[in-house]
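# Observations on the model geometry
One letter stands for each residue in the lines below.
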Amino acid sequence: MPRARPPSAAMANRGPSYGLSREVQEKIEQKYDADLENKLVDWIMLQCAEDIEHPPPGRAHFQQWLMDGTVLCKLINSLYPPGQEPIAKISGSKMAFKQMEQISQFLKAAEAYGVRTTDIFQTVDLWEGKPSRIGEDSQRSSFAKDRM
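Owing to the predicted nature of the structure, the values given are computational and were not obtained by experimental measurement. (Residues numbered from 1 in each chain as written. Predicted model: local features only at pLDDT ≥ 70, side-chain atom pairs only at ≥ 80, totals over all residues. Heavy atoms only, no water.)

## Here's the deal with the overall build of the protein
- Along its length, the protein carries eight helices and zero strands.
- Shown N-terminal to C-terminal, the secondary structure of the protein runs as helices and strands in the order α-α-α-α-α-α-α-α.
- Residues counted as buried form 34% of the 148 residues belonging to the protein.
- In the protein, of all internal contacts separated by at least 6 residues, the share reaching a separation of at least 24 is 55%.
- Within the structure as shown, the protein displays about 9,600 Å² of accessible surface, and the carbon and sulfur contribution to it stands at 52%. (Helix = DSSP H or I, 4+ residues; strand = E, 2+ residues; numbered from the N terminus. Buried < 20%, exposed > 50% of the residue type's maximum accessible area, 1.4 Å probe, protein only. Contact = heavy atoms within 4.5 Å. Areas by Shrake-Rupley, 256 points an atom, 1.4 Å probe, with all protein chains shown as cover.)

Right, here's the structure in full:
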């Protein structure tokens, strides 16, 4: 009988890529715009006007900063008048399903706010750190551009 592996802390545990996979990954990473990341972080912190810790620079840190959904929920709520916020309760839970639920709530609220469906990433994209969606497409979304 095969031995069960202990659960990993990360959702997707992928090893290093080689060959064509590595080349594709490098091209994706080259498209990441660190200056735009800094502008987005600054805008999010200014918009939320709360005590939100500034993440260290870099795609992985940016992803980690957004991954529990707390910052995203605070951001979408800040775009609405007081008392009309779309997300009533923002949880600081460390449980993965609660964090993913918050990201889903943000995505639904962002779409209701007017963000184009084509500019919205999937919850799993953020959790797995898929740079083609989180790093480039989401950075350049109408949600960010129109409001910076």
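## Regarding helix 3 (residues 59-66)
- Three or more residues of helix 3 are buried, namely Phe62, Gln63, Trp65 and Leu66. Viewed end-on, helix 3 has its buried residues packed into an arc of 160 degrees, placing them on one side of the element. Exposed residues pointing more than 90 degrees away from the buried face of helix 3 are listed as Ala60 and Gln64.
- Where helix 3 is buried, its residues touch helix 2 (34-48), helix 4 (70-78), helix 5 (96-113) and helix 6 (123-128). (Arc of directions from axis to C-beta.)

## Comments concerning helix 5
- Over its 18 residues, helix 5 extends 25 Å from the first C-alpha to the last, a length consistent with the 26 Å expected when each residue adds 1.5 Å.
- Within the sequence span of helix 5, burial applies to Gln99, Gln102, Ile103, Phe106, Leu107, Ala109 and Ala110. (Expected span 1.5 Å × (residues − 1).)

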